[in-house]
Every structure is written in structure tokens, then in C-alpha cells.
Amino acid sequence: MSEKIIYENVVSYYNEHTKNKLGDYITVSPRIEEAFKTLVNNVKINPENILEVGCGVGSICHKMNRKWPQATITGIDISTESISIANKLFANEKVNFLVSLLTPETFNQKFDLIIFMD
């Protein structure tokens, strides 16, 4: 199987699960709430530049924006569907979303907090 086919299969898989991610946000998933509490309880800095890898529909980026409103937050995900929803629901002057894999070439900026929630 070529890398392109594998990549497309992964994107398709995550695109199919976008509704579940949106449902987790709407119904307030206890798993996600506990994960966010754990994050907040363990971050001992006031972050200025945050990256969330695998941000899904952007709900954690949104929560981080409310917790740390001074921070610039970037969410990336391989799912085009998830990023489309994230941009519609949560993008603003401090929060942006990108369809991307995380590679050494993805960013040339530094982040003081990098999140991998799942």
C-alpha cells in the first residue's frame, strides 16, 4: 500500500468520527472534562503559545482559550471535517486551526505548551 493510500485511509477514518467528537462536546463528555482538569491542574506556567496536536473539533482549544485568554492557540488535526467544524465554532483572533500532520517542518515557531489529549 502506498503512503498516499494509507494517509487517505487515516483521514477518512477520522473524518467518519467527527460526529462523535462533536457529540462529545455537545453532551459534555466526562472523559474529556477529566482530561482537561488534569491538564489545568498540571500546567504550572501561564502559556503564551499553545499547540494542540489532534485537536478534533477544537473543543479543548476553546477551553484553553477561556482558561488562558492571553495565549495564542493552534490546533492541528489530520481530519479535514474536524478542522472545518473547529474553524466554524471556535476560531478567533487567538485560536486557529490547521489540517496538518505534525512533522519537523510543520512549524518554525516555538510553543511553550504542547498538548496531545488523546
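For the structure itself, look to the data block above.
Predicted model, so just to flag it, every value in this text is computed and none were measured. (Residues numbered from 1 in each chain as written. Predicted model: local features only at pLDDT ≥ 70, side-chain atom pairs only at ≥ 80, totals over all residues. Heavy atoms only, no water.)

### Re a nonpolar patch on the surface
Argument step 1. A surface patch of nonpolar side chains, about 350 Å² in accessible area, is lined by I6, V10, Y13 and Y14.
Argument step 2. Using a relative accessible area of 35% as the deciding quantity, one classes Y14 as partly exposed. (Patch = residues over 30% accessible without salt bridge, like charges linked within 9 Å, V, L, I, M, F, W, Y side chains within 5 Å. Areas by Shrake-Rupley, 256 points an atom, 1.4 Å probe, with all protein chains shown as cover. Salt bridge = Lys/Arg side-chain N within 4 Å of Asp/Glu carboxyl O. Buried < 20%, exposed > 50% of the residue type's maximum accessible area, 1.4 Å probe, protein only.)

### Quick notes on the environment of N46
Argument step 1. Within the secondary structure, N46 is located in the loop between α3 (30-42) and β1 (49-53).
Argument step 2. When its relative accessible area of 54% is taken as the criterion, N46 is described as exposed.
Argument step 3. Separated by 14 residues in the primary sequence, N46 and I32 place their C-alpha atoms 21 Å from one another.
Argument step 4. Residues in contact with N46, not counting those within four places in the same chain, are W68 and Q70.
Argument step 5. Among the polar contacts listed, one links the side chain of N46 to the side chain of Q70, at a separation of 3.3 Å. (Helix = DSSP H or I, 4+ residues; strand = E, 2+ residues; numbered from the N terminus. Contact = heavy atoms within 4.5 Å. Polar contact = N/O pair within 3.5 Å; in protein donor to acceptor, adjacent residues only side chain to side chain.)

Just geometry here; none of it tells us what the structure is for.
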